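These are the residues of each chain, in order.
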Amino acid sequence: MGSTSAHGENSTDGLGRRDLIKRSAALGLIAVPTMSFLSACAAGGDESATKGGAPKGAVTKENPFGVAKGGKLDVVVFKGGFGDDYAKAWEAAFDKKWGTTSSHLGTQEITAKLQPRFNGGNPPDVVDDAGAQQIKLDVLAKGGQLADLAVLLDAPSLDDPAKKVRDTLIAGTVEQGTQGGKFVALNYVYTVFGLWYSGKLFKEKGWTPPKTWDEFLAVCTKAKEAGIGGLAHQGKFPYYINVVIMDLIAKKGGLDAMKAIDNLEPNAFEGSPVALAAVEAVYEVVEKGLLMPGTNGLTHTESQTAWNQYKAAFIPSGSWLENEQLKQTPDDFDMKFLPVPVLADSKLPFEAIRAGAGEPFIVPEKAANKAGGLEFLRSMLSREWSTIFAQQANSLTVVKDGVDPAVKLRPGTQSAVEALKGAGDNTFNYLYTEWYSEMGTEIENASNELMAQRIQPKEWIKRAQAAVDKAAKDPNAKNNRRS
Amino acid sequence: MSHVAQGRGKGGFIAGFLIAPLALYLTFVIWPYVQTFGYSFTNWTGQSPTFDFVGVDNYAALMKDEVFRGALWHNLLLLVFVPVITILLALFFAFMVNAGGRGGAGGVQGVSGSRWYKVIYFFPQVLSLAILAVLFGAIYRSDEGGLLNGFLVKLGVVDPQHPVEWLNEPNFVLWCLLFVVVWHGVGFYLVLFSAAMQTVPKDIYEAALLDGAGRAQTFFRVTLPLLWDSVQTSAVYLGIAAMDMFVLVSTMTSGQFGGGPDHHSEVMATVLMRNFLYFGKSGYACAMGVVMLTLTMILSVVTLRATRRERIEF
């Protein structure tokens, strides 16, 4: 071993140093996993970031918010299923009218891009706060970051100055955008929720779209016999299956059952025969093996694409589905909307649908050009801008009769419009998802377990009620009430 | 005198170089830590610069938070399994590649084709975690379209009507993720250990061979002791990776920032992010961050202390 010691003599020093470097490098790396989170925690400066403020224009009937000519307008939109071309067209129109220079940012990373700006006190002037990474509105509202949009509702409409903006909106828009008693978010896109199927597949197989839950189960059974799945759902995002569960509850129990949940009643789920019946109905699909195999673990795109490939008869979703699946849908698929079928003794008719305003546009309280932001929103509620949106994004807006009849819609959207007409006044919409993020998440987790057959309907009810009871302790619970 | 003056001048000279990096380090590394510590005592929502001081409420709530405790438990499980499995596999492969072969003049060489194995084993390391998530997402996919399920269905092991929902099975999900981490890491540590093994003088091996040591004996009596420093460092690195896991869990599992099904794959980082960005409980999330930092530091110190051995010089 002579060579060993000889080697050692020369290198004791070197080894020691190398060792030291290795160790200190390892210790330095302690920081790595935690650091990114911790430094993300660090907020920007405090409120002192007051800007010079945009120059004010004179308040007139044509200019109710006092927008100054010229200046800047900072717009950030969620670039999701609707793209962001519509917003670019709007900004061009706005700049032309007011002589402003708009800056445009279309992104999916709303939180990442905007959180530092909200914290730093220099948010944009208009934000389309949507998508999976939206900043939750309840959180923004609690932080006092949202401008009160009541002034917008009371301003004259651009199309007919004799009317207030408030009167040009589809019912429910104001309610949907209210947080803690204040109207803070203009949900611009009118969305319907329910089940979707392929008109082509149903015609081929000779199936009739079901109106009752029993008929629905029958179609699913026939589908299974034909070698395809009955119901597909976006298992990785239990949000979607909750649409079915909650719609069944609202339809069977009527609006009171829905409000009991939004108002966090102690018997919203627990002891409610309506809720139990709804959950049991969905569970029956699972028990009878009528789900598309593997659907519980799929993402929304995976399951929707499988459905587009005729691997399942039904899938739940909102009316953005058609746009989202544009590339995956075969040309002759003939997408159709179906209101969620009803259980026996339901208080609402089959035609009733969950319909509501989505895609919240907000004006931050600390926006540099708040007047410009408000005026932008007012312009969005004009017929001209509403038509631009319908054309570019193939979706309806909350403006009553806001779309030029000349615009041709795709089959899915068209069938949703017809369903909406059929529903008449029988529309409803849940608000708890907007008001209580944590409760929504907990109910989603329970639904995930239910669909995987790891819990039974009774256990689901227990967990959902526990989530409701927990949310009832939220200080906002007393303001977030609907009647 | 002149000696002292010279010393001072030198000190000032060195300090002059260090001030800028030190200031940067204090501003961008240390200050956020301090701020986080401060925020952990507030009810900051993360979306507004205003908040109230709430004392140790966040830490008290954290003690009772079952989701966080579950996540901590998962991190600890990973902390044990990720380093142990990765290091054992990497050591085994490195040994086979470097000294596992038989025959030849010196008797100390890798199995045949070992040069290629080294390159191939290193491949997974080249992929970023985001790509890994997509890749393994396709492997674990819960319907017949998934690689694993497709394979098992073809073999007749799995009923096509009931494919295994790998990442949606409470009992599998954590192990599925563990597999990805190990698959990703083994190649890198193989190369690391290979490099360390090559610094071991061949004559030690020759001596061992002459004394009649078999492969296993050579490994345990010669290779492992001489590699101890590298193994120790690897354990710390892998331990830190196991305490993180954020990217894989958040992209591969269900739920807002992952953690599903029903919190069965939750790690501390995912709970932290959900509270920080989604529930608007940023002060609370900062308290979690402080706990994570403390735990990771304890872990590193303990690992380095516990694995300290007498140095073998060669």
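Source: prediction; values computed, not measured.

The rules behind the values
- Residues numbered from 1 in each chain as written.
- Chains lettered and ligands numbered in written order.
- Predicted model: local features only at pLDDT ≥ 70, side-chain atom pairs only at ≥ 80, totals over all residues.
- Heavy atoms only, no water.
- Helix = DSSP H or I, 4+ residues; strand = E, 2+ residues; numbered from the N terminus.
- Buried < 20%, exposed > 50% of the residue type's maximum accessible area, 1.4 Å probe, protein only.
- Contact = heavy atoms within 4.5 Å.
- Areas by Shrake-Rupley, 256 points an atom, 1.4 Å probe, with all protein chains shown as cover.
- Rg over C-alpha atoms; globule rule 2.2 N^0.38 Å.
- Core = buried A, V, L, I, M, F, W, Y, C linked by side-chain atoms within 4.5 Å.
- UniProt positions renumbered as here; feature names shortened; annotations may be inferred.
- Domains from an automatic or database assignment.
- Buried area = accessible area lost by both parts, 1.4 Å probe.
- Phe/Tyr/Trp six-rings, centres within 6.5 Å; stacked < 30°, edge-to-face > 60°.
- Lys NZ or Arg CZ within 6 Å of the ring centre and 35° of its normal.
- pLDDT = per-residue confidence, 0-100.
- Expected span 1.5 Å × (residues − 1).
- Lys, Arg positive; Asp, Glu negative; His and termini not counted.
- Salt bridge = Lys/Arg side-chain N within 4 Å of Asp/Glu carboxyl O.
- Polar contact = N/O pair within 3.5 Å; in protein donor to acceptor, adjacent residues only side chain to side chain.
- Axes fitted to C-alpha atoms, helices over the stretch in contact; angles between N-to-C directions.
- Parallel < 35°, antiparallel > 145°, perpendicular 65-115°, else oblique.
- Left-handed = near helix turned anticlockwise from the far one by under 90°.
- Nonpolar A, V, L, I, M, F, W, Y, C, P; charged D, E, K, R; others polar.

A. Looking closely at the overall build of chain A. A tally of regular secondary structure across chain A gives 19 helices and 12 strands. In chain A, which comprises 483 residues, the share counted as buried stands at 57%. Sequence separation of 24 or more characterises 77% of the internal contacts of chain A that already satisfy a separation of 6 or more. When the accessible surface of chain A is totalled, it reaches about 19,400 Å², and 52% of it is carbon and sulfur.

B. Fine view of the overall build of chain B. Scanning chain B for helices and strands turns up 13 helices and 0 strands. Listed by position from the N terminus, the elements making up chain B come as α-α-α-α-α-α-α-α-α-α-α-α-α. Against the globule reference of 20 Å for 314 residues, chain B gives a C-alpha radius of gyration of 25 Å, more extended than a compact globule. C-alpha extents for chain B along the principal axes are approximately 90 × 75 × 30 Å.

C. The side chain of Asn149 of chain B, seen in detail. Looking at where Asn149 of chain B falls in the secondary structure, it is placed in helix H6 (residues 147-155). Asn149 of chain B has contacts with Arg141, Ser142, Asp143, Glu144, Val158, Pro163, Val164 and Trp166 of chain B, leaving out every residue within four places of it along the chain.

D. Inspection of the nonpolar core at higher detail. With 77 residues, the main nonpolar core has Leu91, Tyr140, Phe193, Leu227 and Met252 of chain B as its most contacted residues. With 13 residues, the single largest contributor to this core is helix H7 (residues 173-198) of chain B. Aside from chain neighbours lying at most four places away, what touches Tyr140 of chain B is Leu148, Trp166, Leu167, Cys176, Phe179, Val180 and Met252 of chain B. Ala281, Tyr283, Phe350 and Met451 of chain A belong to the second-largest nonpolar core, a separate cluster that totals 66 residues.

E. The UniProt feature "transmembrane region" (unreviewed entry) in chain B, seen in detail. Residue and element names in this part refer to chain B. Under the local residue numbering, the UniProt record ascribes the feature "transmembrane region" (unreviewed entry) to residues 12-34, 72-98, 119-140, 172-192, 235-253 and 282-304. Taken end to end, residues 72-98 is 100% helix and 0% strand, and its two terminal C-alpha atoms sit 38 Å from one another. Structurally, residues 119-140 comprises 91% helix and 0% strand, and the distance from its first C-alpha atom to its last is 26 Å.

F. A look at unusual backbone geometry. Residue and element names in this part refer to chain B. The step from Gly260 to Pro261 runs through a cis peptide bond, and the omega angle for that step is -5°. Here Pro261 lies in the loop between helix H11 (246-252) and helix H12 (268-278). One non-glycine residue, Met245, lies in positive phi territory at about 65°. Taking the relative accessible area as the measure of exposure, Met245 reaches 7% and is therefore buried.

G. Seen up close, the domain arrangement of chain A. Residue and element names in this part refer to chain A. Domain assignment breaks chain A into domain 1 (13-190 + 358-414) and domain 2 (194-355 + 426-479). For domain 1 versus domain 2, the distance between C-alpha centres works out to 30 Å. Taken together, the contacts link 20 residues of domain 1 with 21 residues of domain 2. Contact between domain 1 and domain 2 buries roughly 1,600 Å² in total, counting both sides, with carbon and sulfur atoms accounting for 40%. By the criterion of area lost to domain 2, the three top residues of domain 1 are Gln176, Tyr190 and Gly412, representing 29% of everything that side buries.

H. Expanded view of the packing of aromatic side chains. All names here are of chain A. Within the structure shown, the criterion is met by 50 aromatic pairs over all chains. Where Tyr197 meets Phe202, the ring centres are 4.5 Å apart and the plane angle is 40°; that geometry is what we call tilted. By relative accessible area, which is 8% here, Tyr197 ends up buried. With a relative accessible area of 3%, Phe202 lands in the buried category. Members of the aromatic cluster, connected to one another through ring pairs, are Phe82, Tyr86, Trp90, Phe94, Trp98, Tyr188, Phe361, Phe376, Trp385 and Phe389. Note that Arg354 overlies the ring of Phe193, its terminal NZ or CZ placed 5.4 Å from the centroid.

I. Region of the structure containing the confidence of the model for chain A. Residues and elements named next belong to chain A. Mean pLDDT over chain A: 86, with 89% of residues reaching 70 or higher. Note that pLDDT drops below 50 for residues 1-18; the model gives that stretch 7 contacts with residues more than four away or on any other chain. Here residues 20-52 is modelled with pLDDT under 50, and outside its nearest four sequence neighbours on either side it reaches 68 contacts, counting other chains as well.

J. Fine view of the confidence of the model for chain B. Averaged over chain B, the pLDDT score is 86; the fraction of residues at 70 or greater is 93%. As scored by the predictor, the complex reaches a pTM of 0.80 and an ipTM of 0.84.

K. Expanded view of helix H19 (residues 457-471) of chain A. For H19 of chain A, built from 15 residues, the straight-helix expectation of 21 Å at 1.5 Å per residue is met to within 8% by its first-to-last C-alpha distance of 21 Å. Taken together, the buried residues of H19 of chain A touch helix H10 (239-262), helix H11 (273-287) and helix H18 (437-451) of chain A.

L. Structural detail: the environment of Leu186 of chain A. Residues and elements named next belong to chain A. Tracing the backbone through its elements, the reader meets Leu186 in strand S6 (residues 186-198). Under the relative-accessibility criterion, Leu186 is labelled buried at 1%. Taking the C-alpha atoms as reference points, Leu186 and Leu255, separated by 69 residues in sequence, lie 23 Å from one another. Once residues lying within four places of it in the same chain are set aside, the contact partners of Leu186 are Leu149, Thr173, Glu359, Pro360, Phe361, Leu377, Met380 and Leu381.

M. View of the side chain of Asp65 of chain B. Residues and elements named next belong to chain B. Among the structural elements, Asp65 can be located in the loop between helix H2 (57-64) and helix H3 (66-99). Buried and unpaired, Asp65 has Lys281 as its nearest opposite-charge partner, separated by 6.4 Å. Looking at Asp65, its side chain comes within polar contact range of the main-chain nitrogen of Val67, at 3.0 Å. Other than its neighbours up to four places away in sequence, Asp65 contacts Tyr284 and Met288.

N. Molecular detail of the environment of Ala357 of chain A. Residue and element names in this part refer to chain A. Of note, Ala357 is situated in strand S10 (residues 353-362). Note on Ala357: relative accessible area 8%, which makes it buried. With 75 residues separating them along the chain, Ala357 and Tyr432 place their C-alpha atoms 14 Å apart. When near neighbours in sequence (up to four residues on either side) are disregarded, Ala357 contacts Thr173, Gln176, Asn187, Val189, Tyr190, Val398 and Asn429.

O. Representation of the packing of H12 of chain B against helix H13 (residues 282-306) of chain B within the structure. Residues and elements named next belong to chain B. For the pair H12 and H13, the least separation of the axes is 8 Å and the interaxial angle reads 160°. Comparing their axes, H13 and H12 come out roughly antiparallel. Of the two possible hands of crossing, H12 and H13 adopt the one that is left-handed. Of the residues in H13, those in contact with Met268, Ala269, Val271, Leu272, Asn275 and Phe276 of H12 are Ser282, Tyr284, Ala285, Met288, Gly289, Met292 and Leu295. Split into classes, the residues belonging to the contact of H12 with H13 amount to 10 nonpolar, 3 polar and no charged.

P. Structural context of helix H16 (residues 411-423) of chain A. Residues and elements named next belong to chain A. Compared with an ideal rise of 1.5 Å per residue, which puts 13 residues at 18 Å, H16 spans 18 Å between its outermost C-alpha atoms and is within 8% of the ideal. All of the buried residues along H16 are Gly412, Thr413, Ser415, Ala416, Val417, Ala419, Leu420 and Ala423. Packed against the buried residues of H16 are S6, helix H13 (321-324), strand S9 (335-338), S10, strand S11 (396-397) and strand S12 (427-428). Taken from the residues just after H16, Gly424 is the one with a positive phi, measuring 60°.

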